[in-house]
Structures are given as C-alpha cells and as structure tokens.
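Spelled out, the chains give:
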Amino acid sequence: MTGKRAIITGGSKGLGLAAAHALAAEGVDIVIASRNQDVAKAAAADVAARSGRRVVAIATDTGDDASVQALVARAVEELGGIDILVNSASNQQVGRGYQRLADTSDQVFWDDVNIKVVGYLRTARAVAPHLVKQGWGRIINISGLGARQAQSIVRTIRNVSVSALTKNLADELGPHGVNVTVVHPGTTRTETLRQRLQAQADLQGVDVAELERTKFKNSIGRIVDASEVADVITFLASPRSAAINGDAIAVGGGQPGVVYY
C-alpha cells in the first residue's frame, strides 16, 4: 500500500488513531482530522515518528460541511490526492448513559447523528469525486455492534443508519472502482477504556483482567484490542479487499449464540 493516501476522521484517539498507525505501517500517507488541532498534531507526530510516513494534522468539525470541504481540499493539496477515507469521528458522550425514551431529547439525538451519520455522508460526498476520477478508492465507515442490539435508542439508530449509508454508497460507487464497507467493533480496548476499567477495578478491589472476563463476554473470551480492529480496517483499505463491497464486518470477538447471515 506504499504511496496510498488516506484521510482518517476522528483520527487523533481510539480506533481512529489505531487505524492511522496500522495504515502508516503499510506505507500509507495520512491526514488525521480531529476537532482539537493540538491533539491531532501530537497524534500525527507520533504516527510519523513510528512509521516514517508523511502525516498531517487538520482541525476539522465533521458536523459542518464547510469544514469538511476545507479538509478534503487541503488533504489533496498536502498529499497530492486521496485514495482512502476512514470515517471514525463520533460524539462519544452522547448515548453513553443509554438514555431511556423520556431522556432521549431531540438535541441528544441530533448531536450524535449529525457527527456519526451526516458527518460520514459529508466526508464521503467530498471525497468521492476524487476517488471516482482516478477509478480506485476505499471508504471504510466505523459503526458498531450497537446496530445489532437494543441497548440505546440513539446508538442503535445511528449505527444502523451508518450501515444503510454504506450500502447505498457501495452500490453507487462500486462500478467506479470505489469499495465502501462498514466495520462494527464491539467493546474495544482503547486508552479510555483502560483507564475506566482500572478505576473500576481499583474501586472494587479486583484485578483488571478478572474484571474484563466477568464484565465482557464474547466467543474469544477477551476484549478485542484497538490494534486488532485497525488490522481489519487496513485490510479493507487495501487492494486485497476488492471482492468486499457494501458489507458489514463485525470485529467484536464474536457474539455467543447468535447467527447472522
């Protein structure tokens, strides 16, 4: 993948940052888009130092179309073009408490959907003409296994919506050499989750590993690491994923007792 060029929204932390490291390790030059310029610059410097690739930080609000248009224009200017878009930006605070119906206000709903769904639409809309023109490209949308569970009204709706967006884009762009896929992570070990689990383990006086085993259950018996999700993203961003288009890939270690077909 040496010489490919990628934009990663929400790329300064969590899964987005893990994807940046994984893609850069395969020779991809990266634009890390994040609302916080200082955090994005620090992340870009780290990815560049580890990989030796060109990594650019661009402050972006995917909730604003003008900001997205400016992101893509500058990314093309900085890298000479775009081959890959990884949509990972989200409002992590919305829906975290799994609000009940009475607490799910219009504002809570739109604050989440504007970033996670409409934001993905904005970035894809801005990037697609560049991919179509060159006859090759990849768009990977990060959603979540909340699409298959009814724990949170907002999170279920947004994740199902990302899947629907993905399929529509795949059918339209596939004939032009642009594959669009959606990744459904489950509970994933990121720095934020590590800190939260450590605090909970300290409070309960138990070992973190034991807390993980009892709190999170999947078919592989452990929490999936962000780097393992990033490996899947990297494969989908590569030429070797040519036969996968419009499909959802679950990366949660397997949900016991459930069959999806």
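For the structure, see preceding data.
The rules behind the values
- Residues numbered from 1 in each chain as written.
- Predicted model: local features only at pLDDT ≥ 70, side-chain atom pairs only at ≥ 80, totals over all residues.
- Heavy atoms only, no water.
- Helix = DSSP H or I, 4+ residues; strand = E, 2+ residues; numbered from the N terminus.
- Contact = heavy atoms within 4.5 Å.
- Salt bridge = Lys/Arg side-chain N within 4 Å of Asp/Glu carboxyl O.
- Buried < 20%, exposed > 50% of the residue type's maximum accessible area, 1.4 Å probe, protein only.
- Expected span 1.5 Å × (residues − 1).
- Axes fitted to C-alpha atoms, helices over the stretch in contact; angles between N-to-C directions.
- Parallel < 35°, antiparallel > 145°, perpendicular 65-115°, else oblique.
- Left-handed = near helix turned anticlockwise from the far one by under 90°.
- Nonpolar A, V, L, I, M, F, W, Y, C, P; charged D, E, K, R; others polar.
- Phe/Tyr/Trp six-rings, centres within 6.5 Å; stacked < 30°, edge-to-face > 60°.
- Lys NZ or Arg CZ within 6 Å of the ring centre and 35° of its normal.

## Comments concerning the environment of V68
Here V68 is to be found in helix α3 (residues 65–79). Sequence separation between V68 and T187 is 119 residues, and the spatial gap between their C-alpha atoms is 28 Å. The contact partners of V68, leaving out residues within four places of it in the chain, are T60, D61, T62, R122, T123 and A126.

## Observations concerning the pattern of salt bridges
A side chain of one charge can pair with a side chain of the opposite charge when the charged atoms of the two come close. This model, assessed by the stated rule, comprises 10 salt bridges. Between R125 and D65 there is a salt bridge, with the nearest N and O atoms lying 3.0 Å from each other. Here the residue R125 occupies a position in helix α4 (residues 106–134), and D65 occupies one in helix α3, the gap between them amounting to 60 residues. Residue D65 is classed as partly exposed on the basis of its relative accessible area of 29%. A salt bridge links E228 to R222, with the nearest nitrogen and oxygen atoms 2.8 Å apart. According to the relative accessible area criterion, E228 is partly exposed, its value standing at 28%. According to the relative accessible area criterion, R222 is partly exposed, its value standing at 39%. In this structure, a network of salt bridges that share partners links the residues R54, R74 and E78.

## Let's talk about helix α5 (residues 153–173)
Spanning 21 residues, α5 covers 30 Å between terminal C-alpha atoms, matching the ideal 30 Å at 1.5 Å per step. Of the positions making up α5, those classed as buried are V154, R155, T156, R158, N159, V162, L165, T166, L169, A170 and L173. Among the structural elements, α4, β5 (137–142) and β6 (178–185) are those in contact with the buried residues of α5.

## Regarding the packing of helix α1 (residues 14–25) against helix α8 (residues 226–237)
For any two helices packed against each other, one specifies the inter-axial angle together with the distance between the axes. Put simply, α1 and α8 touch, their axes get as near as 8 Å, and they point 55° apart. The pairing of α1 with α8 is recorded here as oblique in orientation. In the crossing of α1 with α8, the sense of the turn from one axis to the other is right-handed. Listed contacts from α8 to L15, A18, A19, A22 and L23 of α1 are A226, S227, V229, A230, I233, T234 and A237. When the residues that make up the contact of α1 with α8 are grouped by side-chain class, the tally is 10 nonpolar, two polar and no charged.

## What about the packing of aromatic side chains?
Applying the stated criterion across every chain yields a total of one aromatic pair. Taken together, a centroid distance of 5.1 Å and an interplanar angle of 85° make the contact between F109 and W110 edge-to-face. Classification of W110 by relative accessible area gives exposed; the value is 52%. Of note, K4 hangs over the ring of W136, and the distance from its end group to the ring centre comes to 3.9 Å. One residue, R148, lies across the ring of Y260, its end atom 4.2 Å from the ring centre.

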